[in-house]
Amino acid sequence: MSDDLSARLTRLRRKHANESDPEERADLAAAIEALEQKIAAQQPAPVHHNQTINNSTVGVGVAGHVYGHIFINGKHDTDSSKLIFTYLNHVARTCDVMPLQGVSSERERDDTLRLGLDQVYTQLATTQVVDREPFAVADLSKEALAAYLQAHTGAACMPAQRRTTFRSLEPHCTEGMLAEYRSPDLEQISAADLLQMVATWEGDHPTLVFQGPQIVTEALAAQRHVVLLGEPGGGKSTVLRYLARHLARAGIEEGYDLAAHIDGWGELGRLLPIVVPLLPLARLLQGSPKNCGTASDLWNYLVDYLQPKGTATGLADAVWAEVEAGHVMLLLDGLDEVAGAESRLRVVQAISAFATEHPTCRIVVSCRVRAYDAQINPENRHWHLPGWPTVTLADLTPAQMEHFVAAWYGAVAMADPNIAAQRAERVAELRTALQARPDLRELGKRPLLLTIMALVHLRQRNLPEDRASLYRECVEILLGRWELRGKEETEYKALMDYIGLPGIEVKALRPLLAEVAFTAHQALSAQNPGVLSSATLHVLVQKFLDTKGHPNPYAGAQRFLEYTDYRAGLIHASGAAADYQFAHLTFQEYLAGLALVGAERPVQAILDRRHDERWRVPIFLGIGHAVGEGLPSLFRDLLDELTSDAQTPQGQRDLILAAELAADVRWERLEGPGFKRLKTGMAHDLAAVVEGTLLPAAERVRAGELLAGLGDPRPGVCTLPPVMVEIAGGSFVIGITETEANQWNEVYGHDWASREINNQSLVIMTFEMARYLTTNAQFKHFIDADGYNPEQPWWEIGKQRRGQKHIRQPLFWNDSRFGIARPNHPVVGVSWYEATAFCVWLTQHLQDGYVYRLPSEAEWEFAARGVERRMYAWGNAQPDSEQVNFNTQYDGTTTVGCFSAGATPNTELLDMAGNVWEWTCSKLQFYPYNPYDGREDISSLVKTRFVMRGGAWFNQSINLRATSRGNYAPESRNQRVGFRVARQRVARG
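What comes next is a walk through the structure. (Residues numbered from 1 in each chain as written. Predicted model: local features only at pLDDT ≥ 70, side-chain atom pairs only at ≥ 80, totals over all residues. Heavy atoms only, no water.)

Turning next to the overall build of the protein chain. A count of helices and strands for the protein chain gives 34 helices and 23 strands. By the burial criterion, 57% of the 989 residues in the protein chain qualify as buried. The contacts in the protein chain between residues at least 6 apart in sequence include a share of 73% that link residues at least 24 apart. Carbon and sulfur atoms make up 50% of the accessible area of the protein chain, which amounts to about 39,700 Å² in all. (Helix = DSSP H or I, 4+ residues; strand = E, 2+ residues; numbered from the N terminus. Buried < 20%, exposed > 50% of the residue type's maximum accessible area, 1.4 Å probe, protein only. Contact = heavy atoms within 4.5 Å. Areas by Shrake-Rupley, 256 points an atom, 1.4 Å probe, with all protein chains shown as cover.)

Time to look at the sheet that holds strand 21 (residues 966-968). Overall, mixed pairing links the 4 strands, which are arranged 21-20-19-22 in an open sheet. The outermost strands of the open sheet, each flanked by one partner alone, are strand 21 and strand 22 (977-978). The sheet contact formed by strand 19 (residues 917-923) and strand 20 (residues 946-949) spans 3 bridges and is antiparallel. Its bridge partner lying in strand 20, K923 is registered against F946. (Pairing = 2+ DSSP bridges.)

Now for the pattern of salt bridges. Two side chains with opposite charge may pair up if their charged atoms get near one another. One pass over the structure, following the stated rule, counts 46 salt bridges. The salt bridge involving R653 is made with E699; its shortest N-O contact spans 2.7 Å. Of this pair, R653 sits in helix 28 (residues 649-665) while E699 sits in helix 30 (residues 697-710), and the two are 46 residues apart along the sequence. The partner of E768 in a salt bridge is R983, with the nearest N and O atoms 2.9 Å apart. Of this pair, E768 sits in strand 17 (residues 767-770) while R983 is found in strand 23 (residues 982-985), placing the two residues 215 residues apart along the sequence. When its relative accessible area of 14% is taken as the criterion, E768 is described as buried. Three or more residues are tied together by salt bridges with common partners; here these are D96, D118, R245, R249 and E253. (Salt bridge = Lys/Arg side-chain N within 4 Å of Asp/Glu carboxyl O.)

Ranked by size, the top nonpolar core spans 197 residues in total, and within it L330, I351, I363, W408, L509, I623 and F635 carry the most contacts. Not counting the four nearest positions on each side in its chain, I351 is found in contact with L278, L298, L332, I363, V365, L385 and W388. (Core = buried A, V, L, I, M, F, W, Y, C linked by side-chain atoms within 4.5 Å.)

Attention shifts here to the state of the cysteines. Counting across every chain of the model gives 0 disulfides. Distance from the sulfur of C839, which forms no disulfide, to the nearest cysteine sulfur (C921) is 9.4 Å. (Disulfide = S-S within 2.5 Å.)

Structure below.
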């Protein structure tokens, strides 16, 4: 080992002697120093266990010495100041480096475009909205609202400027409804519509507050301990590095304005950042049985990071004092990269213990969504950080994409005069491509893919149509970097020449890189994905060179490692250690995917790994590559295997995976009768999954989302007529007793349940009720039949609408969560008038001998409770996640019929609780219920409120009771209210 280190030291010294760039020389000098100390060390570096260190005296920025001042809220002695200043300077510099560098074919002497993170960083948001500006409803005017919407909506608005919704501010509630009213997306509403909407509040909510996206740094500043979730390439690591860079700069630059660089930082002040990956911690814990996941284990790892192999002695002590004083922010990156349940649990235990022992230390842990979200995988609960909130990065909007494109080419233009002359043209070109191609916009939602897109556009100005092809093009670009001649003042040249294979294109290395990526991802140690030792990489390269007829494969492999030390590309050395890794995990995943689909038995190779979450992305990218390369038969064979058994839990999970893979590739790219047959069969089987009981509710909900893209084949879901169920009439006592009402009022903290008191029976005549809620697809038939034309006969009752005659579609029709994008979800955003008009139209459209209408609230409750007067639609058991969509667990509506466990006994009505409130034809009046007392007379609707039943996706269990009575004005339209139809035969004679 010492011989290998000495050889590496020689190479580094030679590189340092030939390097002219000051920053590169500084990095090389640091690496040389670290390696010299590693070689000289006779004993392992001492381990710093938790220790009591006198707290720093809290103060302001204090003078340091010739190395500079530090400004971390505390006083330091001279040595500590020097150490911390040097550390912060290093953090500020290294965190500004873009993880992917552009390549310009015109640049021969220096093929790397050095782009700083600050130059291209684009403001990122979370999936949450937060309150912004409040307004008194009485003071609103059409002109003021129009100006406000113009300033805060539209494609050009960045997250901090953008306003998406508004809500009522008062903690006021009406007849058991929630304490606030939320609006639709403000992009879909005019100032006139907004005024009309708040007019229906009738004085219940005198103040509204507009809401906008939560900026991610705002979210991190708001929580002392938080888990940052995101999709692969979603920007998690970028956020941590950006935050670390500016905290570091604030620590060494007097007067540095953090608030100007970090949105939402406010008065939080200056903190000392420590940004580290979690994978090495997992390896440390795995390496010793004594390391069981304690606060000391995490601190010892941080000491090794701060003082690698004994360098920077004293820095850990100085940082410890800041930890104790509450002046440190730990940014722990990549919990998802820790493979294996036991290892991940140990890491989480160490973090949790450290947070408990040091509650004033701020900590952010980043992780991929699928590795943390318990709804996606219940096993994820085992490594949740107890009590820690989560924030999830949102997809990029068109405005963010356009901002990035301008910033990207602005940064490139500063580094390349050739590009500078074309800057405006290139920005317009890439922006136009993003606007014109939905496929590119979909890919551009992920910051990493948008960066790759920019790299590809920089090089060749035309863009592929799928993400696997984007990765392919970027890999080609990075391989091309090795093909260009190196700096003329050094001995380095094109890679293939340097390793002794002149005349062979560097693209020939792609199979080698795929094998390297596969080996790294396969990793014998589950705690070591993505990192290969120099010995392992040397063996792989040597074998490859031997297949190419290299005269001396061993020496050629040695020169390959040396070359990647000097000119990092797809693979680079990790610091002074003898390890190698890919430039980004997703490149490793893409190339590992290529190895999968290029295996001798690719289908079996994929099937063997489909249960391992680490292989999910490689599988998707590998299949995308195969289809893009004209090998659809491989994918068809895989789909045949995955869809062969839909009668078992595992078979249904495979079916969902098959549908996800096909949706990712896009069905329109899959031609031939074989794929058509598969698509039809998958839709049929997914429909059975949705209404089945083999899989947990979260997986059935996912199946429903995929079924929407395939075309839901269930009769009466996306088609007409609706599936109707006969409800045999009988005598029935609606409502609850006074004793029961008093009990529920205690839960409410209000007397709303008193409206449910009744002891009088009534007779319900036989009628029919739709098994499913009315869906978006069914409502589209109404729209397509000129349904919103106010002159049509079904709008006779709608003549009483106040200011809504211009409406031409439901309020949330274009909303990706609630609208027609999800055809098998219940339609929402329809007023009582629209629901009633649909029923009249349906009667005329079908002409099947029935009158379609909204049910009365007595009919609705009778259908939900039955003669046994159940508390809930399914019985008397308290609601759970298997029976109903409630309590915002899916943050919106779900495919109709997903919760068969919540169906009414015998009649099998679905979604009678949760998902959406359902309009009835009954006005809100006190009991006893008398259908002839005017409550069902709709000839006059002045100051009328109509009863709604069933509760919705956002409600708690108390509102899911079959007796609960919600109500709204008939003009009200929101994302919580839909309807289902009832019918009765047309009287003869």
